[in-house]
Amino acid sequence: MNRIVSKLKENKKILSLYFTAGYPNLADTLPTLKQMEAADVDLVEIGLPFSDPLADGPTIQNSSTQALNNGMTTQKLFEQLAGVREHINMPLIIMGYFNPVLQYGVDAFCAQCAQIGIDGLILPDLPLEEYQEHYQPIFEKYGLANIFLITPQTSDARIRQIDAASNAFIYMVSTASVTGSKSGFGPEQTTYFKRVSDMGLKNPLIVGFGIKDQETFDTATEYTQGAIIGSACIKHLTENGPQGIDTFVKSVRP
Amino acid sequence: MNRNTAEVDALAADYLGFIFWEPSKRAFQGKMPVLAPNTKKIGVFVDASIKEVLQKTTEFDLDGVQLHGSESPEYCASLRQELTQPKKVESDVRLSAVSADRQAVEAPVIIKAFAVGSTFDFSILKAFEAHTDYFLFDTKGKLPGGNGAAFDWTLLQDYPSTTPFFLSGGIGPENLTNIQEFLASPAAAHCHALDLNSKFETAPGLKDTQALEAFITIIRTPNMQTYHADENGYYGEFGGAYIPEMLYPNVAELKAKYLEIMAEPSFQEEFQQLLKDYVGRPSPLYFAKRLSERYNTKIYLKREDLNHTGAHKVNNTIGQILMAKRLGKKRIIAETGAGQHGVATATVCALMGMECIVYMGEIDIARQAPNVARMKMLGATVVPALSGSRTLKDATNEAIRDWINNPIDTHYIIGSVVGPHPYPDMVARFQAVISEEIEWQLLEKEGRKNPDYVIACVGGGSNAAGAFYQYLDRPEVGIIAVEAAGKGVDSGESAATSALGKVGIIHGSKTLLMQTPDGQITEPYSISAGLDYPGVGPMHAHLFQSGRGEFISITDADAMKAGLELCELEGIIPAIESSHAFAVLEKKQFKPDDVVVINLSGRGDKDLNTYIDYFKL
């Protein structure tokens, strides 16, 4: 069974971290993953940096620019991750924009992911329709989960469509925003989390965007199965590098 | 006898038929009128002798014959042999292989017509295939054609041949939807043309040109037009909407409503009124006499530089602000590179009293200070884009991020034929006013709607999309797109996307874009700030890849020289973007009687500092 699916079957609130590969230093990718595994993180999204990340706020953009300046490339990332399954048992997801994947070749990219032991992909600018028309058979051939986003503006009908096309979890964007730009959740978020939770979808919901501490983590997971921390994790890496991730994790989920 | 042949010809049909069967109410008599050079004259015969067919073919210089009787395969074979005999050449001194080839190509085509009923045996076609160029399928009726009834086109589902065919018989406005469905179906794979006749007549032989024009326009969009966007915004393999889910509701709303809103009479009325009274349209089509003499061809300039705000950009911003109002939006965002689109957006926001936020790269803000000042005077907030390379592509990213953050009340006015569907198509439709005007202006001046060539510069490509729009599906009109080569295509400082780009995704659209092998988008360079976009609109990517458009890249130096030449010969200071289009005159030889339209997309006031620095004025 796909590692993501197994993990989601555990009766716990999932804590997922996002970090940009090759940041703050090119060689930090694997040490960061090891620190995360040691800190009992449930799920990790490895960011494949892109020059024009239009769904991201300044924190993740800057980390991507830095990683590219460090020399990170798709090929480099695959090399760094070649032996990752010797050390890491957490489910791993690669999150990136579609153009670098397209240039690598979607089939070749997915094949590499499968070989390394990557469990799923999040490609925010590969929309549902394109995925279903052109790429779904490739993802399925390599056993990769594709994870779609929904937002507070996504209609119920489309949420159901996305649920039907998903096979791991649904990435629930907390607010209408790019990453890292909102502080705290209000009643409208809680209403939205509950509304979608009550839809009885087949896939679990994991909330992302705007989660940065224990309070936001607890709010986000009240009605959902987990939460993803991106920009706040990058800020930690900017200040400390891979060291001390366990402290950061404890501050969110004691 | 068709009594209004010339008017019908003006509708730019590909073929016109002349009936040489005397019993017909529409039989042709008298003199052949002068037709547009690209219209093919087809003689329609019913069991005529080969001698008669040949005689009429020569007499009227027919481009083809349509056989509407019970002509046999053997008849077709004999006729074909006669028609392909090289005509007697008066001077046979230089009958080269080339001219012999030409004659073979130009031999009149044979179209064999069949009356199709429910029992039609398609296997009889086989024997004709070697001796005919096209088949024509008409309704089985009392007369050989012209019965005015449609047959069941689904019979063609099992069409066993690859010979292209004309579909005929009772095609008219009332079955427009059916014909569109048919054309979109696999059964139409080999459908070459539609044959329109009695359904468009007010009396036998008298065509209702208005009804014909309306029908032709609709039928050419979108089903028959391969160079326009399909319903998902694809031009061939390019286009689409590669957007994060956060943008989906806004883009889906726009996609669902834009065509409907644009078709509303009140929208059209307001749009046309503003184009006329506020923008100052129609912009003149000016015959550039001295430039024409210099290059020994007939050059017309489409004067978009005379529009309010000094360029074509305002055509689109007027259209989009009216769209935004009808969508109930309160807040407008835009990106700008050199500031032209920012100024055009700030202008229409002031006109409509709407909030306006313009994203502009920090570097561009520094080098385009006058336009920043204009936008501020017009009440816009100019927000510097601080990410990435801090130029146009980053300003576009920031505008998209703003839209993600403000999904309810905001409309994003994209300034070119780029971005996710429906933007490329919507912007092209607003800019199409350029070629709509060229058509009637040229008809007034030259007696023809079609120039031989249309030339326009391409950054994202909105002025080019507007100048090409009406001509996209008329292969007889040459389309020349001019890109900025910067310091040379191979210099590493260039914006020639067709030469340097590869298929990829930028700003929500699949298109050609300049990128590293790893898929990171690179920064283009051109002396002209309006042409340094790393991608190109998906329409243009398709025009390039299909070969429909000729793409020429022009260096900074050649563009500057051409700009100065236009000043000296015609007293017009062009925008440096437009100067690139003029530099084509040095690169490509046109014939003396060619009619060449150059889209003069903007005026050069904004570029004065660049001209001053470059020419040390």
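Here the structure is shown first, and the text comes after it.
Keep in mind it's a predicted model, so treat the numbers as computed, not measured.

Turning our attention to the environment of B:G310. Residue and element names in this part refer to chain B. The topology assignment puts G310 in the loop between β13 (298–303) and α10 (313–326). Given a relative accessible area of 3%, G310 falls into the buried group. Sequence separation between G310 and H540 is 230 residues, and the spatial gap between their C-alpha atoms is 24 Å.

Moving on: the packing of aromatic side chains. All names here are of chain A. Using the criterion set out here, one finds 42 aromatic pairs over all chains in the structure. Here the aromatic rings of F50 and Y97 are separated by 5.5 Å at their centres, their planes lie at 25 degrees, and the arrangement is stacked. In this pair, F50 is assigned in the loop between β2 (43–47) and α3 (58–70) and Y97 in the loop between β3 (92–95) and α5 (98–104), connecting sequence segments 47 residues apart. Among the residues examined, F50 registers a relative accessible area of 5% and is labelled buried. Judged by its relative accessible area of 5%, Y97 is buried. Here the aromatic rings of F98 and Y135 are separated by 5.3 Å at their centres, their planes lie at 65 degrees, and the arrangement is edge-to-face. Taken as a pair, F98 in helix α5 and Y135 in helix α7 (residues 128–141) lie far apart in primary sequence, 37 residues in all. For the pair F98 and Y135, one class covers both residues: buried.

Time to look at the interface of chain A and chain B. If you look at the interface, chain A gives 38 residues, while chain B gives 33 residues. Overall, the association of chain A and chain B removes approximately 2,800 Å² of surface from exposure, summing both partners, and the carbon and sulfur fraction of that is 54%. Considering only the surface of chain A that becomes buried against chain B, A:D52, A:L54 and A:Q103 emerge as the three largest contributors, covering 22% of it. Inspection of the region where chain A meets chain B yields two salt bridges. Between A:R158 and B:E245 there is a salt bridge, with the nearest N and O atoms lying 2.5 Å from each other. Where chain A packs against chain B, one counts 20 residue pairs in polar contact (both at pLDDT 80 or more). Where the side of chain A that touches chain B is concerned, the elements lending two or more residues are α3, α4 (74–80), α5, α7, β6 (149–150) and α8 (156–165) of chain A. In terms of residues, the side of chain A that touches chain B owes the most to one element, α5(A), which gives five residues.

Considering all chains together, one arrives at 43 salt bridges over all chains under this definition. The residue B:R80 makes a salt bridge to B:D133 at a minimum N-O spacing of 2.9 Å. Residue B:R80 is found in helix α3 (residues 73–84), and its partner B:D133 is found in the loop between β4 (109–116) and β5 (134–139); the two are separated by 53 residues along the sequence. On the basis of relative accessibility, which here comes to 22%, the residue B:R80 falls in the partly exposed class. You can call B:D133 partly exposed: its relative accessible area is 25%. Taking the shortest distance from any N to any O, the salt bridge between B:D305 and B:R303 comes out at 2.8 Å. We note that B:D305, like B:R303, is buried. Among the ionic contacts, a cluster of salt bridges with common partners joins A:K7, A:E10, A:K12, A:D42 and A:R253.

We now examine the packing of helix α2 (residues 50–59) of chain B against α3(B). All names here are of chain B. At a minimum axis distance of 11 Å, the contact between α2 and α3 shows a crossing angle of 35 degrees. The element α2 and its partner α3 pack so that their crossing is right-handed. Of α3, the residues touching α2 (which contributes I50, V53, L54 and T57) are Y75, S78, L79, E82 and L83. Across the contact of α2 with α3, the residue classes break down as six nonpolar, two polar and one charged.

What counts as what
- Residues numbered from 1 in each chain as written.
- Chains lettered and ligands numbered in written order.
- Predicted model: local features only at pLDDT ≥ 70, side-chain atom pairs only at ≥ 80, totals over all residues.
- Heavy atoms only, no water.
- Helix = DSSP H or I, 4+ residues; strand = E, 2+ residues; numbered from the N terminus.
- Buried < 20%, exposed > 50% of the residue type's maximum accessible area, 1.4 Å probe, protein only.
- Phe/Tyr/Trp six-rings, centres within 6.5 Å; stacked < 30°, edge-to-face > 60°.
- Contact = heavy atoms within 4.5 Å.
- Buried area = accessible area lost by both parts, 1.4 Å probe.
- Salt bridge = Lys/Arg side-chain N within 4 Å of Asp/Glu carboxyl O.
- Polar contact = N/O pair within 3.5 Å; in protein donor to acceptor, adjacent residues only side chain to side chain.
- Axes fitted to C-alpha atoms, helices over the stretch in contact; angles between N-to-C directions.
- Left-handed = near helix turned anticlockwise from the far one by under 90°.
- Nonpolar A, V, L, I, M, F, W, Y, C, P; charged D, E, K, R; others polar.

Any functional reading would require information that these geometric values do not contain.
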